[in-house]
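# Tertiary structure, described
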Amino acid sequence: MKIVSRTLEIDAGTDARLTEMAAERGQDVAAVLAEAVALLDSVVDLAGPDIAEDRRRLDEFSKTHKAVPLDSVKAWVASWDTTDELPRPPPHRIG
């Protein structure tokens, strides 16, 4: 792997968090940043949003008024990798 030296300007809070995350993982800051970029790349489509899919989902909600409340999603995600992991919350009628 070719190593490139790059200088970044970040705020003090971000630097402190990067340093803390690196220490928690036993890695250097460069490794934490590399993992963060890989994760971002895996979840964000830089080619742009899929407007057609967004429209389809909005139309579906407009017909059914079914959705999963944010608090249910947060509780589900918070339970991941615990002994009390929750099942995926089902959508239900809202409003």
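A brief structural summary. In this numbering scheme, every chain counts its residues from 1 along its sequence in written order. Reporting of local features is limited, given that this is a predicted model, to residues whose pLDDT is at least 70; pairs of side-chain atoms are given and counted only at 80 or more, and all residues count toward the totals for whole chains, interfaces and linings. Each side-chain value is derived from all of the structure's non-hydrogen atoms; neither hydrogens nor water enter the calculation.

### Details of the packing of helix α1 (residues 12-25) against helix α2 (residues 29-43)
What counts is decided by this rule: Axis definition: a line fitted to C-alpha atoms, limited for helices to the stretch in contact. Angles are taken between N-to-C directions and run from 0 to 180 degrees. Secondary structure elements follow DSSP: runs of H or I no shorter than four residues count as helices, runs of E no shorter than two count as strands, and numbering proceeds from the N terminus. Relative orientations are named as follows: roughly parallel for angles under 35 degrees, roughly antiparallel for angles over 145 degrees, roughly perpendicular for angles from 65 to 115 degrees, and oblique for any other angle. Contact definition: two residues touch when any of their heavy atoms are within 4.5 Å. Gly is placed with the polar residues, together with every amino acid not listed as nonpolar (Ala, Val, Leu, Ile, Met, Phe, Trp, Tyr, Cys and Pro) or charged (Asp, Glu, Lys and Arg).
One way to put it is that α1 packs onto α2 with a least axis distance of 8 Å and a crossing angle of 100 degrees. Taken together, the axes of α1 and α2 lie roughly perpendicular to each other. For the pair α1 and α2, the contacting residues are Leu18, Thr19, Met21, Ala22 and Arg25 in the first and Val29, Val32, Leu33 and Glu35 in the second. Classifying every residue of the contact of α1 with α2 gives 6 nonpolar, 1 polar and 2 charged.

### Here we look at the side chain of Ser79
Heads up, the rule is: Definition of a polar contact: a pair of N or O atoms within 3.5 Å, with one able to donate and the other able to accept a hydrogen when the atoms are protein atoms, and with sequence-neighbouring residues admitted only if both atoms are side-chain atoms.
Mapped onto the elements of the fold, Ser79 is located in the loop between α4 (70-78) and β2 (92-93). At a separation of 2.7 Å, a polar atom in the side chain of Ser79 contacts the main-chain carbonyl oxygen of Trp76. Among the polar contacts listed, one links the side chain of Ser79 to the backbone nitrogen of Leu86, at a separation of 2.8 Å. Beyond its immediate stretch of four places on either side in the chain, Ser79 contacts Asp84, Glu85 and Leu86.

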